[in-house]
Amino acid sequence: MTAVPFATPLPFAPEDMEKRVLITPTAFNLRAASEIPPRQWLFGQHLIRGFLSLTVAPGGLGKSSMVLVEAIAMATGKPLLGDEPPKPLRVWVWNGEDPREEIERRIAAACLHYAIKSDDIADRLMIDSGRDVPIKLAAFNAGAVHVAEPVSEALIAAIQKCSVDMLIIDPFVTSHEVPENDTTAMNAVVAQWRKIADATGCAIELVHHTSKAGAMNADDFGVYASRGAGALIDGVRSARVLSRMSEKDAEKFGIEDAATSYFRVNMGKANLAPPEKVVWRRMIGIQLGNGRDLWPDGDTVGVCIPWTPLDGFTDVSAKDLKRVQDAIRASKEAPKANERNADWAGYIIAEVMDLDIGNRLRKADRTAAQRNARGKVRSLLGGWLNSNALTQKTVRSPRDGRDVKIIVAGDPVAAEDLAQVN
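Rules used in this analysis
- All residue numbers refer to position in the chain's written sequence, counted from 1.
- For this predicted model, a pLDDT threshold of at least 70 governs which residues receive local features, and a threshold of 80 or more governs which side-chain atom pairs are given and counted, while totals over whole chains, interfaces and linings are taken from all residues.
- Values reported for side chains reflect all heavy atoms of the structure, with hydrogen atoms and water molecules removed beforehand.
- A pair of strands is labelled paired if DSSP reports no fewer than 2 bridges between them.
- In this text, helices come from DSSP runs of H or I with a minimum length of four residues, and strands from runs of E with a minimum of two, each type numbered from the N-terminal end.
- Across the chain, each position has a pLDDT score giving the predictor's confidence in that residue, from 0 to 100.
- Throughout, a residue-residue contact means that at least one pair of heavy atoms, one from each residue, lies within 4.5 Å.
- Here's how the labels work: a residue is buried when its accessible area is under 20% of the maximum for its type, exposed when over 50%, partly exposed in between, all with a 1.4 Å probe on protein chains only.
- Just so you know, the count uses Lys and Arg for positive and Asp and Glu for negative, and it drops His and the chain ends.
- Salt bridges are counted wherever a side-chain nitrogen of Lys or Arg sits within 4 Å of a carboxyl oxygen of Asp or Glu.
- For this analysis, a polar contact is any N or O atom pair within 3.5 Å, provided that within protein one partner can donate a hydrogen and the other can accept it, and provided that sequence-adjacent residues contribute only side-chain to side-chain pairs.

**A few points about the pairing of strand β7 (residues 144-147)**
Moving on, step 1. Bridge analysis of strand β6 (residues 138-141) against β7 gives four bridges, and the strand direction is antiparallel. Within the sheet, the bridge partner assigned to Ala138 lies in β7 and is Val147.
Moving on, step 2. From the end of β6 to the start of β7, which pair antiparallel, there are two residues, and Ala142 there has a positive phi angle of about 55°.

**Examining the confidence of the model for the protein**
Moving on, step 1. The predicted model of the protein has a mean per-residue pLDDT of 86, with 88% of residues at 70 or higher.
Moving on, step 2. In this model, residues 1-5 is a region of pLDDT below 50 whose contacts with residues beyond four sequence positions or in other chains number 11 contacts.

**Details of the side chain of Arg124**
Moving on, step 1. Assignment of secondary structure puts Arg124 in the loop between α3 (118-121) and β5 (125-129).
Moving on, step 2. Here Arg124 sits buried without a salt bridge, and the closest side chain of opposite charge, Asp123, lies 5.0 Å off (N-O distance).
Moving on, step 3. A distance of 2.6 Å separates a polar atom in the side chain of Arg124 from the backbone oxygen of Ala75.
Moving on, step 4. Sequence-distant contacts of Arg124, that is, excluding residues within four places in its chain, are made with Ala75, Thr76, Pro88, Leu89, Arg90 and Val91.

**Here's the deal with the pattern of salt bridges**
Moving on, step 1. Counted according to the given criterion, the structure contains 20 salt bridges.
Moving on, step 2. Between Arg49 and Asp165 there is a salt bridge; the shortest N-O distance is 3.2 Å. Remark: Asp165 occurs in the loop between α4 (149-161) and β8 (166-170) and Arg49 occurs in the loop between β2 (47-48) and β3 (52-57); sequence separation between them is 116 residues.
Moving on, step 3. The exposure class assigned to Arg49 is partly exposed, which follows from its relative accessible area of 23%.
Moving on, step 4. In this structure Asp165 comes out as buried when scored by relative accessible area, which is 10%.
Moving on, step 5. Its salt-bridge partner being Glu339, residue Arg374 comes within 2.8 Å of it at the nearest N-O pair. In this pair, Arg374 is assigned in helix α12 (residues 368-386) and Glu339 in the loop between α10 (318-330) and α11 (345-353), connecting sequence segments 35 residues apart.
Moving on, step 6. For Glu339, a relative accessible area of 22% corresponds to the partly exposed category.

Here you go:
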């Protein structure tokens, strides 16, 4: 795409300012609800034909890999991350930062992991780099926003010519040159992307970064962890935010190594659909096997995969809970709430449930099975505390006089619950 001049985004030509404008309201005709066409969801409850969607994430988390895997899923019609398109879609991925070969590496790694062949994709996946095909929808000069209407028109023509169902812009910031914190400027850019989606019936995904503060507190800010003015969030119909796994969640799930490779996908805004459940993703390294010359080891590329935390309460009964309560009551000293204590309450739970959690072993010496079992114990302890089956209290230690948190038995198990146990 060649460089094009910018056009001032006025809603009218200067010579038309004195002309009379006539606007007439359109009468509403109530028709049967069954006659109204359904919304055309293309992927999950996030991407919808003719609308803008937004994905917000800190840098280096795995968002680009995730959207590429989603692009492959849409092009192949395969539920690689869980969601499945209504049919194989024609998908255009535009990456404004990386060279084309880097995008190819990521796609190749994903296809190796998911066993995707060339025939599965056919001609339905298109990729371009901003280094080869620049897209700048707007610029800021002399205190005014200037919209590149020719670029917008060229995009509309390209999408229509290639029958593109889904366009991914990654990252959004590379598609314009306006101040991100300027609400008016961002409104102009978002309006252009919305115009393109509306004119083509294409679903458009904008991939954006969080602010520095948002990256540190994505769970607190939600989708408003997004960098820049809120006009971007206000201008899309669906927005989701990716956040790193917290230390608390890593402990709960029994993950002790490389917890930074796990992240959560939260729907922060879903104007056209009910909120989805929180889903987890994980980044893994895939070797391309492309070693040669001075680089015999070749490349290892990150690929996004689905991940589901273990459910600690699977196969746990009311009888198990009663046994744990009885064991805690029978303990000579009340077990502690802190896992660092030698008499942590989790050890009693593990003994009652016959779980090997690597008691007395250093973290580095525990096996994967022991780490998973420890995660199950944490999940059980947390769940029973939330339901008041176990209770946390603060008492004064007879040894050093300091306050210490202990775990005691809470509400007794109901007889009818025990009666249901075979």
